[in-house]
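Geometric and topological summary
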Amino acid sequence: MKKLIFMILTVLSVLMVPMYVVADTYPSKTTTDKTVSQEKLQPENDTQKRETGQPEEKKQELDEIEKARQALQYGLESEILEVINKVDKRDFETLQGDFNRLFMETKSPAVREGLFGLYQKYNNTQLTDAAVAVLEAYEAQQRTLVKAVLSYLATVKPELSSGLNEALQKILTQNAAEYGVETVSVLGEIGGNEEASFLVEYFDNLTIDDAKQELILKQTIMAALEKLHSEDTRTFLLNRAQDENENIYVRSSAVAGLAQMGKPDIVPLLAEFFEQPEPQLREAAIRGAASFDTDETRKLILQGFKDSYYKVRLEALKTVQKTKMQEAASYVLYRAKYDPTDAVRFAAIETLAVLNTAEGNTWLAEIFRDSKKSEKLRVTILSAALKHNSTALAADLDTVVLATVADKKQKKLRYEFGKEIAKIENTATAEICKAFLQSDDVLTKSIGLDMFKTNAPSDARTLVEAIARDEKQGALQRRAQRLLE
């Protein structure tokens, strides 16, 4: 019986197989419809791929400028501030109309503060009238916004209108403790004789409960009077300078301001200040000596290179840069070689580039070539030469920098060299730009685009065009396309 049942089941299983096979060979209507639909869509998808150059499922990215415009118009405060904080000068100029509109429409103090910072960064006076309006109603504004406005005005230095002058003086008389330092700084940048006289009177009558705040504000007033160096304040400055009981920073600004008036009777006072034990007074004496060109002041400046206080040596270097005093070249070279303070050494290097002497140029080139010297020192030399005297490194520039492009071990130095080159407009780095653009290293190629953006060497354009066509370059492709617009 068991055998009979087993045989029946076997026969049934054999008979059912063809039925399943037949069923599988006739697709359902739903499957057929889907297949036809996909076949009909396929040519459209292929056409779309050819037109966009991208797969259908990958959305085409908006142009960076258009994305920024949309963020400025529709974005959250955080999105708007992200655009403001990241925009470069070229994009700022492209989007300036959008920024102007945003400033007029926004009610966000943070956004307005960010916009003042942006216009300050690119030294644009477009927001001057808006700044005056903020100051005229400063009591109703957020503290950080008022300070941002004052910082903006001190940087862009607009013409001092009667409305702006009135607003600044109102703030000083009503709320010196909160905004005094910033307000005085603006007057020091854009004021004239009348404002100098106002500051003198204000100094004499100034009283703040916090003694430290009062001293800081008085020092700021004196720094402003030094910048203004109005003849109307001569007697006041002379009294402050000669008062040995006065604060040394007040005295320093007073003597430097007197010197900028250019009257030779102040030279003996400069020599007297240089003999004082307080380094701030000696520094002021060197700063003041820059306004004269006499045997006595030149000797004073040279003595500044030997001062034990590094800021006095720095001031001597600044003075030589300003006056291009050739007789100081050997002093400058010594500082570049041996000064124990890096800030002084680097300032000396820049001064050597400015002076452009044969001995100085030879030393700069030797150190630039020497791979055993510190990277910071060599990068500083490159930066100084590109800014002031590219001929100093003309024979070595390509050789040294291109060697870093070929050597992976020098990648960090390559980046630092490249960043400096990209900062400074010059005509000497076309070959370097091309080498960076041809590198397989993404950051190196990116720096090459920065170089092209700054200097746009004509023979590097084809390389940028190649990057702009290459979809594999991603963000670099979009950057290259923007540069070619």
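Nothing here was measured: the structure is a model prediction, and the numbers come from that model.

1. Side note on the confidence of the model for the protein chain
Here the protein chain shows a mean pLDDT of 88. Residues at 70 or above account for 87%. Under a pLDDT of 50 for its full length, residues 1–61 has, in the predicted model, 12 contacts with residues more than four places off or in other chains.

2. Quick word on the layout of surface pockets
When its volume is computed, the largest pocket comes out at roughly 640 Å³. Lining the largest pocket are 20 residues, and of these Glu64, Lys86, Val87, Asp91 and Arg482 lie nearest its centre. Across the lining of the largest pocket, the residue classes tally to 8 nonpolar, no polar and 12 charged.

3. Concerning the packing of aromatic side chains
According to the stated counting rule, one finds 12 aromatic pairs in the structure shown. Aromatic side chains Phe92 and Tyr119 sit 5.1 Å apart centroid to centroid with 90° between the ring planes, which places their arrangement in the edge-to-face category. Residue Phe92 is found in helix H5 (residues 89–94), and its partner Tyr119 is found in helix H7 (residues 109–121); the two are separated by 27 residues along the sequence. Across this residue pair, the class does not change: Phe92 and Tyr119 are buried. An aromatic cluster is built from Phe92, Phe99, Tyr119 and Tyr122, whose rings are joined through pairwise contacts. Positioned above the aromatic ring of Phe203 is the side chain of Lys218, whose terminal nitrogen or guanidinium carbon lies 5.0 Å from the ring centre.

4. Some points on the pattern of salt bridges
This structure, assessed with the given rule, holds 32 salt bridges. Arg479 is the partner of Asp450 in a salt bridge, and the nearest nitrogen-oxygen pair spans 2.5 Å. Here Asp450 is found in helix H27 (residues 442–455), whereas its partner Arg479 is found in helix H29 (residues 475–484), with 29 residues between them in sequence. Given the relative accessible area of 28%, Asp450 is considered partly exposed. The class for Arg479 is partly exposed, based on a relative accessible area of 27%. Residues joined in a network through salt bridges with shared partners are Asp293, Asp295, Arg298 and Glu327.

So, how was this worked out
- Residues numbered from 1 in each chain as written.
- Predicted model: local features only at pLDDT ≥ 70, side-chain atom pairs only at ≥ 80, totals over all residues.
- Heavy atoms only, no water.
- pLDDT = per-residue confidence, 0-100.
- Contact = heavy atoms within 4.5 Å.
- 1 Å grid on protein atoms, 1.4 Å probe; cavity = no way out; pocket = protein on both sides within 12 Å on 5 of 7 lines; lining within 4 Å.
- Points joined across faces, edges and corners; volume = space filled by probe spheres on them.
- Nonpolar A, V, L, I, M, F, W, Y, C, P; charged D, E, K, R; others polar.
- Phe/Tyr/Trp six-rings, centres within 6.5 Å; stacked < 30°, edge-to-face > 60°.
- Helix = DSSP H or I, 4+ residues; strand = E, 2+ residues; numbered from the N terminus.
- Buried < 20%, exposed > 50% of the residue type's maximum accessible area, 1.4 Å probe, protein only.
- Lys NZ or Arg CZ within 6 Å of the ring centre and 35° of its normal.
- Salt bridge = Lys/Arg side-chain N within 4 Å of Asp/Glu carboxyl O.

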